[in-house]
Amino acid sequence: QVRLVETGGGLVQPGGSLRLSCEAFGYTSSMYDMGWFRQVPGKDYEFVASISWRSDGSPDYADSVKGRFTISRVSGRNNVTLQMHSLKPEDTAVYYCTAGRQSRYYAELKNKNIWGQGTQVTVSS
């Protein structure tokens with residue numbers, strides 16, 4: 001009943017920036033842990049970042065994006081933003097928002113979390 005919608009993907013040159021947003025639509029009385037995964041066609045889903053619904057929760061980042069990406073949310077809202085800086089060609093992927101449990105492992109979340117449809121990020125000259 002609750003669905004996630006991602007926006008903000010696009011084409012950017014190496015070193016550039018993009019901001020992705022994810023918002024939950026539909027009624028829910030629950031607050032979710034939320035995060036981002038990405039996938040290159042033919043490859044496994046890769047953890048990017050996550051953040052707890054708890055106000056004192058610390059964000060978690062994959063080593064490949066740490067220091068370049070920032071995940072944030074407004075407390076009390078089931079939405080999340082991924083601010084991406086210093087983008088590299090290897091960041092090119094479809095980025096998926098997820099809500100529910102917080103984990104670095106796609107297999108643990110695949111059939112348990114709510115997932116968005118994805119937004120394409122392409123980093124190229």
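Structure's up top.
Residues numbered from 1 in each chain as written. Predicted model: local features only at pLDDT ≥ 70, side-chain atom pairs only at ≥ 80, totals over all residues. Heavy atoms only, no water.

### Details of the pattern of salt bridges
Reasoning step 1: Applying the stated criterion across every chain yields a total of 6 salt bridges.
Reasoning step 2: R38 serves as the salt-bridge partner of D91, at 2.9 Å between the closest nitrogen and oxygen. Highlighted residues: D91 in the loop between strand 8 (79-84) and strand 9 (93-100) and R38 in strand 4 (residues 33-39), separated in sequence by 53 residues.
Reasoning step 3: Judged by relative accessible area, D91 falls into the buried class, the value being 1%.
Reasoning step 4: A salt bridge links D63 to K66; its shortest N-O distance comes to 3.7 Å.
Reasoning step 5: On the basis of relative accessibility, which here comes to 66%, the residue D63 falls in the exposed class. (Salt bridge = Lys/Arg side-chain N within 4 Å of Asp/Glu carboxyl O. Helix = DSSP H or I, 4+ residues; strand = E, 2+ residues; numbered from the N terminus. Buried < 20%, exposed > 50% of the residue type's maximum accessible area, 1.4 Å probe, protein only.)

### Describing the sheet that holds strand 3 (residues 18-25)
Reasoning step 1: Read from one edge of the open sheet, 4 strands run 1-3-8-7, paired in antiparallel fashion. With partners counted over all chains shown, the strands left at the sheet margins are strand 1 (3-7) and strand 7 (69-72), one partner each. For this sheet the average axis-to-axis angle between neighbouring strands, irrespective of direction, equals 15°.
Reasoning step 2: Alignment of strand 7 against strand 8, held across 4 bridges, turns out to be antiparallel. Across the sheet, the residue bridging to I71 is L82, located in strand 8. (Pairing = 2+ DSSP bridges. Axes fitted to C-alpha atoms, helices over the stretch in contact; angles between N-to-C directions.)

### Some thoughts on the state of the cysteines
Reasoning step 1: On inspection of all chains with the given rule, the structure shows 1 disulfide.
Reasoning step 2: Residue pairing for C22: its cysteine sulfur links by disulfide to C97, the two sulfurs lying 2.0 Å apart. Measuring handedness by torsion sign, the sulfur bridge of C22 and C97 sits at about -80° and is left-handed. With C22 in strand 3 and C97 in strand 9, the pair connects residues that are 75 residues apart, well separated along the chain. Of the two residues examined, C22 and C97, each falls in the buried class. (Disulfide = S-S within 2.5 Å.)

### With respect to unusual backbone geometry
Reasoning step 1: At S86, a position not held by glycine, the phi torsion is positive, near 50°.
Reasoning step 2: With respect to the helices and strands, the residue S86 is situated in the loop between strand 8 and strand 9.
Reasoning step 3: Owing to a relative accessible area of 40%, S86 belongs among the partly exposed residues under this scheme.

### Looking at the packing of aromatic side chains
Reasoning step 1: Going through the model one piece at a time under the given rule, you end up with 6 aromatic pairs.
Reasoning step 2: Ring centres 5.7 Å apart and planes at 75° place the aromatic pair F37 and F47 in the edge-to-face group. Linking F37 in strand 4 with F47 in strand 5 (residues 46-51), this pair joins segments that are 10 residues apart in sequence.
Reasoning step 3: Between Y106 and W115, the aromatic rings sit 5.3 Å apart at their centres with planes inclined by 65°, giving edge-to-face as the arrangement. (Phe/Tyr/Trp six-rings, centres within 6.5 Å; stacked < 30°, edge-to-face > 60°.)

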